[in-house]
Amino acid sequence: MREVEVKYFVSDPEVLLVALGQRGVSFGEPVFQDDQAFAPLDWAFGDGKLGVSFLRLRTVDGRHWFALKQPGANAQDCLEYETAVADREQMHEAILRMGYWATVRVAKSRRTGRYGEVSLCLDEVEGVGTFLELERMVADDVPAAAIQDELAAFVASLGVSVERTVETYDSLVRAAQTTAASVPANGESADTSRLTSS
């Protein structure tokens, strides 16, 4: 099974919630997620993601999860494996020893809902903004583009002003950090491809 998703930047979450409510979609209470993303040592932002195994440590309400995501047709079509872990610090160190580096921390408040087989997440991502994610789990032989087109058609049918992005949260956070970084005194761009945040 694969996780196929689409993601949208939301400028007015309240308008979106009303539109989704008219379709029978309700969201639960916000839950804070503290994610640390990891990439292979030989990978840097700007490199291709397809076929590369990325790792994540997530903490929610004192519980920790380890996940591996490997993009297939595009960055929002991933094989995904996830399991609970007892000790985040020990798992973090083990990941570094496995040949990965800590890329960015993604901190967000997430509300979730469902529409049939579709999972919806309304995320407030620190330093980036509010996003709507729609996800479906599909069999390995189902074309990602067809599912993403269906999800996008549903969002378009809501009649709400949103902006689709093909980027993942780690790339969006890293781009925001790079933009916010001060330019060195010599005026040259700093090499931030290996910036880390814990």
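Check the entry above for the structure.
Residues numbered from 1 in each chain as written. Predicted model: local features only at pLDDT ≥ 70, side-chain atom pairs only at ≥ 80, totals over all residues. Heavy atoms only, no water.

**Describing the pattern of salt bridges**
1) Next: Counting across every chain of the model gives 16 salt bridges.
2) Next: We note a salt bridge from glutamate 80 to lysine 69, for which the minimum N-O separation is 3.8 Å. A residue pair is termed long-range when its members are at least 10 positions apart, and glutamate 80 in strand 5 (residues 77-85) and lysine 69 in strand 4 (residues 63-71) qualify at 11 residues.
3) Next: Notably, a salt bridge pairs arginine 136 with glutamate 117, separated by 3.2 Å at the nearest N-O pair. (Salt bridge = Lys/Arg side-chain N within 4 Å of Asp/Glu carboxyl O. Helix = DSSP H or I, 4+ residues; strand = E, 2+ residues; numbered from the N terminus.)

**Quick notes on unusual backbone geometry**
1) Next: The backbone of aspartate 61 shows a phi angle near 50°, a positive value even though the residue is not glycine.
2) Next: Within the element layout of this structure, aspartate 61 appears in the loop between strand 3 (54-60) and strand 4.
3) Next: By relative accessible area, aspartate 61 is classed as exposed at 71%. (Buried < 20%, exposed > 50% of the residue type's maximum accessible area, 1.4 Å probe, protein only.)

**Digging into the packing of aromatic side chains**
1) Next: Applying the stated criterion to the full structure yields 6 aromatic pairs.
2) Next: When the ring of tryptophan 43 is compared with that of phenylalanine 45, the centres are 5.1 Å apart and the planes differ by 65°; the resulting orientation is edge-to-face.
3) Next: For tryptophan 43, a relative accessible area of 4% puts it in the buried group.
4) Next: Exposure remark for phenylalanine 45: the relative accessible area of 12% places this residue in the buried category.
5) Next: A ring pair is formed by tryptophan 43 and phenylalanine 54, whose centres lie 5.0 Å apart and whose planes are at 85°; its orientation type is edge-to-face. You can see tryptophan 43 sitting in the loop between strand 2 (31-40) and strand 3 and its partner phenylalanine 54 sitting in strand 3, a full 11 residues away along the chain. Here tryptophan 43 matches phenylalanine 54 in class, with each residue buried.
6) Next: Among the aromatic side chains, those forming a connected cluster through ring pairs are Trp43, Phe45, Phe54 and Trp101.
7) Next: The ring of tyrosine 169 carries the charged tip of lysine 7 above its face, separated from the ring centre by 4.5 Å. (Phe/Tyr/Trp six-rings, centres within 6.5 Å; stacked < 30°, edge-to-face > 60°. Lys NZ or Arg CZ within 6 Å of the ring centre and 35° of its normal.)

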